[in-house]
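Coordinate analysis (summary)
Residues per chain, in single letters:
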Amino acid sequence: MNEDRKRYLLLLIAEHDDQNAFDELFNFYFPGLVSFASNILKDRQLAEEVVEDVFVKLWQNRKTMVSIKSPSHYIYTAVKYTALSTLKKQNIISYEDYSDDVELTYSSPESDYISNENITQINEAINQLPPKCRLIFRLIKEEGLKYDEVAQLLQLSVKTVESQMTIAIKKLTVTIQQMLPDMTEHLLRKKA
């Protein structure tokens, strides 16, 4: 979903109390936000509750949604601070200890043309990335956040985000070339 569509949905929600637009926004963000919150909380059920709480607050304050310039950044920031607040209340470990066992998935319009088997292999390659690298890759490539937004969200420098993306892309390129040589040739021909 592109940023224009997200802003349009926010406008519908804010000005027309459009429940369908809200549901579309929720369904789009929910899986990614739960993975993100799980990285912080180390508890998927608690992460789901945090995400649901954020969306309840969004609905309650829907009239102010028209002022949101970057929906992805706003929503991820809200989930981050709600999760950190939850940690503080429970005296749990810091969110910076990213878990190695959190599974993330990547989807895009191109995935419609790729078989399920190849998608599984690509997801495996993404899940083999180091946890922080995997999270940064997902926020940028799947959620469409900018490097500076991710840096602010994760309290990292932009240079760190850039280097993590470079690492992710290099590792994924090598892995995908090894796992899917036919697909790599197809993509290279498509670019030419």
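Moving on: the packing of helix α1 (residues 3–16) against helix α2 (residues 19–41). Where α1 contacts α2, the two axes come as close as 8 Å, and the packing angle between them is 140 degrees. Taken together, the axes of α1 and α2 are oblique relative to one another. In the crossing of α1 with α2, the sense of the turn from one axis to the other is left-handed. The residues of α2 that touch α1, namely those facing Arg5, Lys6, Leu9, Leu10, Leu12 and Ile13, are Ala21, Phe22, Glu24, Leu25, Phe28 and Tyr29. Residues that form the contact of α1 with α2 fall into these classes: nine nonpolar, no polar and three charged.

For the rest of this paragraph, the subject is the pattern of salt bridges. The tally for this structure, following the rule as stated, stands at five salt bridges. Measuring nitrogen to oxygen at the nearest pair gives 2.7 Å for the salt bridge that ties Arg5 to Glu24. With Arg5 in helix α1 and Glu24 in helix α2, this residue pair connects regions lying 19 residues apart in the sequence. Arg5 sits in the partly exposed class, given a relative accessible area of 32%. Judged by its relative accessible area of 29%, Glu24 falls in the partly exposed class. For Glu162, the salt bridge is made with Lys159, and the minimal N-O distance between the two is 3.9 Å. Pair noted here: Glu162 and Lys159 are both in helix α8 (residues 158–179), with a separation of three residues, about one helical turn. Residue Glu162 is classed as partly exposed on the basis of its relative accessible area of 32%.

Quick look at the nonpolar core now. Core analysis: the largest hydrophobic core is formed by 50 residues, its most contacted members being Phe36 and Leu139. Elements with a minimum of two residues in this core: α1, α2, α3 (44–60), α4 (71–90), α5 (116–127), α6 (131–141), α7 (147–154) and α8. Residue contributions to this core peak at 11 residues, all from α2.

Further remarks concern the packing of aromatic side chains. Tallied over the full model, the rule gives seven aromatic pairs. A centroid spacing of 5.8 Å and a plane angle of 75 degrees characterise the contact between Phe22 and Phe55, whose relative ring orientation is edge-to-face. Separated by 33 residues along the polypeptide, Phe22 in helix α2 and Phe55 in helix α3 bring together distant segments of the chain. A single burial state applies to Phe22 and to Phe55, both of which are buried.

Per-residue confidence for the chain gives a mean pLDDT of 78, with 78% of residues at or over 70. Counting interchain partners and residues more than four positions distant, the pLDDT-below-50 stretch residues 92–113 has 48 contacts.

A few words now on the side chain of Lys80. Mapped onto the fold, Lys80 is located in helix α4. One polar contact links the side chain of Lys80 to the main-chain carbonyl oxygen of Leu153, over a distance of 2.3 Å.

The geometry of α2 relative to α6 is characterised by a closest axis approach of 11 Å and an angle of 155 degrees between their N-to-C directions. Judged by the inter-axis angle, α2 sits roughly antiparallel to α6. Handedness of the α2/α6 crossing: left-handed. On α6, the residues touching Pro31, Gly32, Leu33, Ser35, Phe36 and Asn39 of α2 are Leu135, Arg138 and Leu139.

A positive phi angle is found at Asp17, which is not glycine, with a value near 50 degrees. Relative to the elements of secondary structure, Asp17 occurs in the loop between α1 and α2. At Lys42, a residue that is not glycine, the phi angle is positive and equals roughly 60 degrees. Relative to the helices and strands, Lys42 is located in the loop between α2 and α3. Residue Lys42 is classed as partly exposed on the basis of its relative accessible area, which comes to 32%.

Reading guide: rules and limits
- Residues numbered from 1 in each chain as written.
- Predicted model: local features only at pLDDT ≥ 70, side-chain atom pairs only at ≥ 80, totals over all residues.
- Heavy atoms only, no water.
- Axes fitted to C-alpha atoms, helices over the stretch in contact; angles between N-to-C directions.
- Helix = DSSP H or I, 4+ residues; strand = E, 2+ residues; numbered from the N terminus.
- Parallel < 35°, antiparallel > 145°, perpendicular 65-115°, else oblique.
- Left-handed = near helix turned anticlockwise from the far one by under 90°.
- Contact = heavy atoms within 4.5 Å.
- Nonpolar A, V, L, I, M, F, W, Y, C, P; charged D, E, K, R; others polar.
- Salt bridge = Lys/Arg side-chain N within 4 Å of Asp/Glu carboxyl O.
- Buried < 20%, exposed > 50% of the residue type's maximum accessible area, 1.4 Å probe, protein only.
- Core = buried A, V, L, I, M, F, W, Y, C linked by side-chain atoms within 4.5 Å.
- Phe/Tyr/Trp six-rings, centres within 6.5 Å; stacked < 30°, edge-to-face > 60°.
- pLDDT = per-residue confidence, 0-100.
- Polar contact = N/O pair within 3.5 Å; in protein donor to acceptor, adjacent residues only side chain to side chain.

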